[in-house]
Amino acid sequence: MQKDISQAVIRRLPRYYRYLGDLLEEGIDRISSNDLSARMKVTASQIRQDLNNFGGFGQQGYGYNVRYLYEEIGKILGLDQNHNIVVIGAGNMGQALAKYTNFAKRGFSIIGLFDVSHDLIGTMVRDISISDISELPRFLAEHEVDIAVLTLPKDQAESAAATLVSCGIHAIWNFAHLDLDLPEDIIVENVHLSDSLMQLSYNIKQNSIE
C-alpha cells in the first residue's frame, strides 16, 4: 500500500466488508453512500472519506457497485489470498477458534494446534491432532505459516511468542493476557477479552448514571 492509512480507517474496513456481504445475500446490486450510512450508522461523509483512501470506488449518480466494492475491500484486507494459521494453546479458547468454520471461508486455514498439556496432546479438533509445543519449531520449518494465534496462559505466552519469532513468524493474533514485547517488525493484534468486558461495564455504569 503506497500511502499511510490510519488504523481507525483500517479497523472500519472489516465492518464495510461484512455489511456489503449482507447486501449481496439480499440481492442488492448497488447502494448509495447515504443508504449505506443508514444501515451502518456511520455518516455518508465518513464512508466516502474512508473509501477515498483507496480510490473511492463510487460513481456520482450511481453509488457503489456492491459486488465490486465487496471484492475490492476483500483485496485490500488480503482476503484474496490464503493464510495458513497455527494455534498455540489448544484449551477452550484455542479449540473454539479452531472449530469456527467462517475462518476457512475467508481464506484463513488452521493447519496446526499446539499445547503444553499432556492431557490434550493427541486430541483431535476437527481433523487436526493437537501436538506438543516442543514440535512447533519443526512444524514451522516444514510448513508455510503466515499467522500464529496465541491463547496460552500469561506465564507461558511470552516464551511461546519468542519461539514463534525465532522461527520466522511475523504476525501474531494475541489472546494472552499480556502485551508482548517483540521486535518492531512483528505485527501483533491484541485481543484482550477482559478489557472489552470492562469497557462494557463502564458504559453500563454511565448509562445508569444518566
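Presented here is an overview of the structure given in this document.

**With respect to the environment of Q7**
Residue placement: Q7 occurs in helix α1 (residues 7–25). Put simply, Q7 and I128 are 121 residues apart on the chain and 34 Å apart in space, counted from C-alpha to C-alpha.

**Describing the pattern of salt bridges**
In total, this model carries 5 salt bridges according to the counting rule given. Here R138 and E135 are joined by a salt bridge, their closest N and O atoms 2.9 Å apart. The closest approach of N and O atoms between E142 and R138, which form a salt bridge, is 3.1 Å. With E142 and R138 both in helix α7 (residues 136–142) and 4 residues apart, this pair spans about one turn of that helix. Take E142: its relative accessible area is 52%, and that puts it in the exposed class. With a relative accessible area of 45%, R138 lands in the partly exposed category. Overlapping salt bridges, with partners in common, bring together E135, R138 and E142 in one network.

**Brief notes about the packing of helix α2 (residues 33–40) against helix α3 (residues 44–52)**
Axes are the key here: two packed helices are described by the angle between their axes and the distance separating the axes. It is at 8 Å that the axes of α2 and α3 come closest, and there the two elements cross at 110°. Considering their axes alone, α2 and α3 lie roughly perpendicular with respect to each other. Residues S33, N34, L36 and S37 of α2 lie in contact with α3, whose contacting residues are A44, I47 and R48. Here the residues of the contact of α2 with α3 sort into 3 nonpolar, 3 polar and 1 charged.

Parameters and conventions
- Residues numbered from 1 in each chain as written.
- Predicted model: local features only at pLDDT ≥ 70, side-chain atom pairs only at ≥ 80, totals over all residues.
- Heavy atoms only, no water.
- Helix = DSSP H or I, 4+ residues; strand = E, 2+ residues; numbered from the N terminus.
- Salt bridge = Lys/Arg side-chain N within 4 Å of Asp/Glu carboxyl O.
- Buried < 20%, exposed > 50% of the residue type's maximum accessible area, 1.4 Å probe, protein only.
- Axes fitted to C-alpha atoms, helices over the stretch in contact; angles between N-to-C directions.
- Parallel < 35°, antiparallel > 145°, perpendicular 65-115°, else oblique.
- Contact = heavy atoms within 4.5 Å.
- Nonpolar A, V, L, I, M, F, W, Y, C, P; charged D, E, K, R; others polar.

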